[in-house]
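Listed here are the chains, written in short residue letters.
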Amino acid sequence: MAIRDTRDRFGLVSVFNHWVLVAVVLGLLVTGLLLAEVLPESARPYLVPLHKQVGLVSAVLIGWMVIWRWTQKSRPGPIEGTSKPEALARAGMHALLLIGAGVLVVSGVMMSILSGHEVSVLGLFTIPPIGEDKAQAALPHLVHEVVGWAMVAAVALHAAVGVKHHVLNKDETLTRMLGRGA
């Protein structure tokens, strides 16, 4: 498999980027849902710092992924026979997933620092709290919650469409992202 993307297939780096980001985002969505909906308050001191650190790792991954995409001379487009509306939906979904993940990182950091909590950035430096005002933290908290649920739906839809292409359409959409050729 080639390192770089071609018109017909994704390269090794793009495939790796995709699946690493899938694992990280799924982990963040699961821990976020556990924190918000399932676990008792006593679990927060253990899980919140991990959730924050992995969230910041996702920001680095998203930045790298965007840079990598921009550096590719060509990338696989929609598979042959894809209608214009489907191609637009494909592009829109990819943009939505990247933007949504970015919004979750920013809103999570803002929620923390406006609530009086510092944010350690991968142990390299710390963003100090700005205040300790629940009213100020309410908007980023709401954004984090709403976008988090939207991302759960978007990720589920994205995965379902990939399975649909593989099982019903029997096309190479999913196999291309598994590193196999078109």
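Presented here is an overview of the structure given in this document. (Residues numbered from 1 in each chain as written. Predicted model: local features only at pLDDT ≥ 70, side-chain atom pairs only at ≥ 80, totals over all residues. Heavy atoms only, no water.)

## Quick notes on the environment of V121
Structurally, V121 can be placed in strand β1 (residues 119-121). For the pair V121 and V57, spaced 64 residues apart in sequence, the C-alpha separation works out to 8.8 Å. Residues within four places of V121 in sequence aside, it is in contact with Q53, L56 and I127. (Helix = DSSP H or I, 4+ residues; strand = E, 2+ residues; numbered from the N terminus. Contact = heavy atoms within 4.5 Å.)

## Some thoughts on unusual backbone geometry
Backbone geometry follows two general trends: most residues other than glycine have a negative phi, and most peptide bonds adopt the trans configuration. Even without being glycine, L122 reaches a positive phi, approximately 55°. Structurally, the position occupied by L122 is in the loop between β1 and β2 (125-127). Among the residues examined, L122 registers a relative accessible area of 37% and is labelled partly exposed. (Buried < 20%, exposed > 50% of the residue type's maximum accessible area, 1.4 Å probe, protein only.)

## A closer look at a nonpolar patch on the surface
Nonpolar side chains collect at one region of the surface, where V57, V60, L122, L124 and F125 lie side by side and expose about 480 Å² of accessible area between them. Within the secondary structure layout, L124 lies in the loop between β1 and β2. Owing to a relative accessible area of 69%, L124 belongs among the exposed residues under this scheme. (Patch = residues over 30% accessible without salt bridge, like charges linked within 9 Å, V, L, I, M, F, W, Y side chains within 5 Å. Areas by Shrake-Rupley, 256 points an atom, 1.4 Å probe, with all protein chains shown as cover. Salt bridge = Lys/Arg side-chain N within 4 Å of Asp/Glu carboxyl O.)

## So, helix α4 (residues 134-169)
For α4, spanning 36 residues, the distance from its first C-alpha to its last is 50 Å, which sits close to the expected 52 Å at 1.5 Å a residue. At P140, α4 shows its maximal bend, which comes to roughly 25°. Those residues of α4 that sit buried are A137, P140, H144, V147, G148, M151, A154, G162 and H165. At its buried positions, α4 is contacted by α1 (12-38), α2 (44-71), α3 (84-114) and α5 (173-177). (Expected span 1.5 Å × (residues − 1). Bend = angle between axes of the 7 residues up to and from the residue.)

## Concerning the packing of α1 against α4
Following both chains from N to C, one finds α1 and α4 inclined at 135°, their axes separated by 11 Å at the closest point. Here α1 is positioned oblique relative to α4, judged by the angle of their axes. In this structure, α1 meets α4 at a crossing whose hand is left-handed. Note on element contacts: α4 touches α1 through G148, W149, M151, V152, V155 and H158, opposite H18, V25, L26, L29, L33 and E37. Looking at the contact of α1 with α4 residue by residue, the class counts come to eight nonpolar, three polar and one charged. (Axes fitted to C-alpha atoms, helices over the stretch in contact; angles between N-to-C directions. Parallel < 35°, antiparallel > 145°, perpendicular 65-115°, else oblique. Left-handed = near helix turned anticlockwise from the far one by under 90°. Nonpolar A, V, L, I, M, F, W, Y, C, P; charged D, E, K, R; others polar.)

## Some words on empty space enclosed by the protein
Under the criterion given, the structure shown has one cavity of 30 Å³ or more. When its volume is computed, the largest cavity comes out at roughly 30 Å³. Lining the largest cavity are N17, L21, L61, W64 and M65. Among the elements of the structure, α1 and α2 are those that each provide at least two residues to the lining of the largest cavity. With three residues, α2 is the single largest residue contributor to the lining of the largest cavity. Classifying every residue of the lining of the largest cavity by side-chain character gives four nonpolar, one polar and no charged. (1 Å grid on protein atoms, 1.4 Å probe; cavity = no way out; pocket = protein on both sides within 12 Å on 5 of 7 lines; lining within 4 Å. Points joined across faces, edges and corners; volume = space filled by probe spheres on them.)

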